[in-house]
Amino acid sequence: MTTVLAWTSAAAVAFLVISAFLGPDKALLLIVFGGVGLGLQAGMIGQAAVAVSLYPQATVTAGVGWAASLGRLGSVVGPIFGGILIGVGVDTGTIVLAVCIPVIVALVLVVILGRITAEKATAPESSQLERQPLASPPGR
């Protein structure tokens, strides 16, 4: 799952960077923003699936709740930050490139998370002796 999230985040960043340098061609912008939406939407849906698979069963709902609430926080802070940049007079290409920063941070974190979970999955399990039940005493 983390591999898919990494690729979709990378696609979103690539399309965002392309959109920052495009001219006023509306048809091309529509195609590029479709790629941005595809990458970001897949990432938003995928983060919930990753959260479900990472947390222990007893805390999975709290983990998914925290993941969703931090996403909502970004939905509030992002437009505020964008409004400030527009108010200061920053050009749109720079604003679009600034939007890439949190997506790149998320991409790096997903790659790190993927490596951590891959290491845990390949770690040797406890020995067979530890998992076998104790033998009953002789004569029983």
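Q: Would you explain the overall build of the protein chain in this entry?
A: The helix and strand inventory of the protein chain stands at 5 helices and 0 strands. Ordered by position in the sequence, the α and β elements of the protein chain form the string α-α-α-α-α. A burial count over the protein chain gives 23% of its 140 residues as buried. Taking all contacts inside the protein chain whose residues are at least 6 apart in sequence as the whole, residues at least 24 apart take part in 62%. Of the roughly 10,100 Å² that the protein chain leaves accessible, carbon and sulfur atoms contribute 73%.

Q: Any chance you could explain a nonpolar patch on the surface here in plain terms?
A: Where nonpolar side chains cluster on the molecular surface, the patch consists of Trp 66, Leu 70, Leu 73, Val 76, Val 77, Ile 80, Ile 84 and Val 88 and spans about 850 Å² of accessible area. Within the secondary structure, Val 76 is located in helix α3 (residues 60-88).

Q: So what exactly am I meant to see when it comes to the packing of helix α1 (residues 2-21) against helix α2 (residues 26-54) here?
A: How two helices sit against one another is set out by the angle between their axes and by the gap between those axes. The contact between α1 and α2 brings their axes to 8 Å, and the two run at 155 degrees. Taken together, the axis directions place α1 and α2 in an arrangement best described as roughly antiparallel. Handedness of the α1/α2 crossing: left-handed. Residues Thr 2, Leu 5, Thr 8, Ala 12, Phe 15, Leu 16, Ile 18 and Ser 19 of α1 lie in contact with α2, whose contacting residues are Leu 29, Val 32, Phe 33, Gly 35, Val 36, Gly 39, Leu 40, Ala 42, Gly 43, Gly 46, Gln 47 and Val 50. For the contact of α1 with α2, a count of residues per class yields 12 nonpolar, 8 polar and no charged.

Q: What's the story with the packing of α2 against α3 in this structure? I'm lost.
A: Across the interface, α2 lies against α3 with an axial gap of 8 Å and an inter-helix angle of 150 degrees. One element, α2, and the other, α3, form an angle in the roughly antiparallel class. Considering only the axes of α2 and α3, their crossing is right-handed. Contacts from Gln 47, Ala 48, Ala 51 and Val 52 of α2 reach α3 at Val 60, Gly 63, Val 64 and Ala 67.

Q: Help me out: how do you make sense of α1 in this one?
A: For α1, built from 20 residues, the straight-helix expectation of 28 Å at 1.5 Å per residue is met to within 8% by its first-to-last C-alpha distance of 29 Å. Of the residues making up α1, those classed as buried are Thr 2, Leu 5, Ala 6, Thr 8, Ser 9, Ala 12, Val 13, Leu 16, Ser 19 and Ala 20. On its buried side, α1 packs onto α2 and α4 (92-122).

Q: Is there a simple way to explain α4 in this structure?
A: Along an α-helix, residues three or four apart share an orientation, since each turn contains 3.6 residues. Its 31 residues place the ends of α4 46 Å apart at the C-alpha level, agreeing with the 45 Å of an ideal helix rising 1.5 Å per residue. Taken together, the buried positions of α4 are Gly 93, Ile 95, Val 96, Ala 98, Cys 100, Val 103, Leu 107, Val 110 and Gly 114. If you follow the buried residues of α4, they end up packed against α1, α2 and α3. Where α4 begins, the side chain of Asp 91 points an oxygen toward the backbone nitrogen of Gly 93, at a separation of 3.1 Å.

Thresholds, definitions, all that
Residues numbered from 1 in each chain as written. Predicted model: local features only at pLDDT ≥ 70, side-chain atom pairs only at ≥ 80, totals over all residues. Heavy atoms only, no water. Helix = DSSP H or I, 4+ residues; strand = E, 2+ residues; numbered from the N terminus. Buried < 20%, exposed > 50% of the residue type's maximum accessible area, 1.4 Å probe, protein only. Contact = heavy atoms within 4.5 Å. Areas by Shrake-Rupley, 256 points an atom, 1.4 Å probe, with all protein chains shown as cover. Patch = residues over 30% accessible without salt bridge, like charges linked within 9 Å, V, L, I, M, F, W, Y side chains within 5 Å. Salt bridge = Lys/Arg side-chain N within 4 Å of Asp/Glu carboxyl O. Axes fitted to C-alpha atoms, helices over the stretch in contact; angles between N-to-C directions. Parallel < 35°, antiparallel > 145°, perpendicular 65-115°, else oblique. Left-handed = near helix turned anticlockwise from the far one by under 90°. Nonpolar A, V, L, I, M, F, W, Y, C, P; charged D, E, K, R; others polar. Expected span 1.5 Å × (residues − 1). Polar contact = N/O pair within 3.5 Å; in protein donor to acceptor, adjacent residues only side chain to side chain.

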